[in-house]
Amino acid sequence: MIRYYSGDTLIHKLDPRVKIALSTSLFLLAFLTRDPLRLSFLLTVVLMIWFYARIPFSENFFLKTLIPIALFTFLIQLLFYPGKVILVSVKIPSWIPYFGGMLAATQEGLINGISMVLRLFIVIMVMPIVTMTTRLERLLNSMVKLGLPYELAFTLTTSINLLSILQADIEDVIEAQKIRGFRGFDERGIIKKIKAYVPIIIPVVMEGFMIARQMEVAIKSRAFGASNRRTSLIDVKMDKVDWIVLFFTLTGTIISLVFFLGFVH
């Protein structure tokens, strides 16, 4: 969810601050409503941005792992969310702890479960709109211009870069294990899959320590933090298109807030 993919779309060309504002707006609106229709609309907007920016779905590991989490969340909300309109009920022996009596799926639980799943997908898919369409150098400069201290902005962007490197290392280790005849990744069942990823942990952790050590030496050799006056090779400036998109983003957010908070039905 953090690897940069180059492109020539409007999303790629936008100022990172505009993309941060857009993502923050979608994130905020997703938490201000429980209506599945409104959440479906927000998710549609996010998907449209993904398709337009050509963010790859196939290489996104987080989306693959999100599906079982979403199904589990939906079932929990469906079966245990309190409600009055019962859709399906199953009698359970009273001697069974906690579940004894009757287990019922209610209409309120169904609606809340759908809302939770939609909100989960929106929240997870909002971040790549910024991270996967913006170079880290531009993201760093935009954070500094937003008022974030350079040291903190540098730490955040460096962490994102390190995670991207570790993600690539994980893929390399998996391919190396498959070449050696290891087939544990193709096993069915959560427990077997978890055990299959155990041999990956040690080489990836060691690689992470080595990269961190090299970065520490590189930063110290360049006297990081010795001067408060900094210059940047890549400058970030708002142009006409950025201001237009920002205006429509803020306007749309305000209008949506009016609807989502219940002032207009």
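Just above sits the structure.
Calculation notes
Residues numbered from 1 in each chain as written. Predicted model: local features only at pLDDT ≥ 70, side-chain atom pairs only at ≥ 80, totals over all residues. Heavy atoms only, no water. Helix = DSSP H or I, 4+ residues; strand = E, 2+ residues; numbered from the N terminus. Buried < 20%, exposed > 50% of the residue type's maximum accessible area, 1.4 Å probe, protein only. Contact = heavy atoms within 4.5 Å. Areas by Shrake-Rupley, 256 points an atom, 1.4 Å probe, with all protein chains shown as cover. Axes fitted to C-alpha atoms, helices over the stretch in contact; angles between N-to-C directions. Parallel < 35°, antiparallel > 145°, perpendicular 65-115°, else oblique. Left-handed = near helix turned anticlockwise from the far one by under 90°. Nonpolar A, V, L, I, M, F, W, Y, C, P; charged D, E, K, R; others polar. Polar contact = N/O pair within 3.5 Å; in protein donor to acceptor, adjacent residues only side chain to side chain. Expected span 1.5 Å × (residues − 1). Arc of directions from axis to C-beta. Phe/Tyr/Trp six-rings, centres within 6.5 Å; stacked < 30°, edge-to-face > 60°. Core = buried A, V, L, I, M, F, W, Y, C linked by side-chain atoms within 4.5 Å.

Q: Even after reading the chapter, I still don't get the overall build of the protein, so can you show me in this structure?
A: Counting its regular elements, the protein contains eleven helices and two strands. Reading the secondary structure of the protein in the N-to-C direction produces α-α-α-α-β-β-α-α-α-α-α-α-α. A burial count over the protein gives 34% of its 265 residues as buried. Once local pairs closer than 6 in sequence are excluded, the contacts in the protein between residues at least 24 apart make up 71%. On the protein, roughly 17,200 Å² of surface is accessible, and the fraction owed to carbon and sulfur atoms is 69%.

Q: Looking at this structure, I do not really get the packing of helix α7 (residues 136-145) against helix α8 (residues 150-179). What am I missing?
A: Packed helices, taken two at a time, are described by the angle their axes make and the gap between the axes. Where α7 contacts α8, the axes come no closer than 9 Å and their chain directions differ by 155 degrees. Comparing the axis directions of α7 and α8 gives the class roughly antiparallel. Our pair here, α7 against α8, has a crossing hand that is right-handed. Note on element contacts: α8 touches α7 through Y150, A153, F154, L156, T157, I160 and N161, opposite L136, L139, L140, M143 and V144. Each residue belonging to the contact of α7 with α8 can be placed in one class, and the counts come to ten nonpolar, two polar and no charged.

Q: Whenever I open this one, the side chain of T106 confuses me. Can you help?
A: You can see T106 is positioned in strand β2 (residues 101-106). Given the relative accessible area of 5%, T106 is considered buried. A polar side-chain atom of T106 sits 3.0 Å from the main-chain amide nitrogen of G109. If near-sequence neighbours (up to four positions away) are discounted, T106 is found in contact with L78, Y81, P82, G83, V85, I86 and L87.

Q: Explanation requested: the side chain of S25 in the structure shown.
A: With respect to the element layout, S25 can be found in helix α2 (residues 16-31). We classify S25 as buried; its relative accessible area is 9%. S25 has contacts with T249 and T253, leaving out every residue within four places of it along the chain.

Q: In this structure, what is going on with the packing of α8 against helix α10 (residues 198-221)? I would like to understand it.
A: Relative to each other, α8 and α10 sit at 145 degrees, their axes nearing to 10 Å. The element α8 and its partner α10 pack so that their crossing is right-handed. Together, F154, T158, L162, I165, L166, D169, I170, V173, I174 and Q177 of α8 and P199, I200, P203, V204, E207, G208, I211, M215 and I219 of α10 make up the contact between the two elements. Residue classes in the contact of α8 with α10 are distributed as 14 nonpolar, three polar and two charged.

Q: Mind showing me how you'd approach helix α3 (residues 36-53) here?
A: Residues separated by three or four positions in an α-helix point in the same direction, a consequence of the helix having 3.6 residues per turn. With 18 residues, α3 extends 25 Å from end C-alpha to end C-alpha; this agrees with the ideal 26 Å at 1.5 Å per step. Those residues of α3 that sit buried are P36, L39, L42, L43, V46, I49, W50 and A53. Axial view of α3: buried residues confined to an arc of 145 degrees, hence all on one face. In α3, the exposed positions that point more than 90 degrees away from the buried face belong to L37, F41, M48 and F51. Phi turns positive, to about 60 degrees, at R54, one or two residues after α3.

Q: I'm lost on the packing of aromatic side chains in this one. Help?
A: For any pair of aromatic rings, the description consists of the separation of the ring centres together with the inter-plane angle of the planes. The final tally for this structure, using the stated rule, is two aromatic pairs. Centre to centre, the rings of F27 and F31 are 5.1 Å apart; their planes meet at 45 degrees, and the pair counts as tilted. Highlighted residues: F27 and F31, both in helix α2, separated by four residues, approximately one helical turn. Each ring, one from F247 and one from F248, has its centre 5.6 Å from the other, and the planes form 75 degrees; the classification is edge-to-face. According to the relative accessible area criterion, F247 is exposed, its value standing at 51%.

Q: Just to check I follow, could you spell out the nonpolar core for this structure?
A: In this structure, L26, L42, V46 and I122 are the most contacted members of the largest nonpolar core, which totals 23 residues. Considering each element in turn, this core owes the most residues, seven residues, to α3. In this view, L26 contacts L42, V45, V46, I49, I122, V126 and I129; residues no more than four positions away in its chain are not counted.

Q: Looking at this structure, I do not really get the environment of K237. What am I missing?
A: By secondary structure assignment, the location of K237 is in the loop between α10 and α11 (240-260). Linking K237 and D15, residues 222 residues apart in sequence, is a C-alpha distance of 7.1 Å. Not counting residues within four places of it along the chain, the set of residues in contact with K237 comprises D15, R17, K145 and D242.

Shape is all these values report; function is a separate question.
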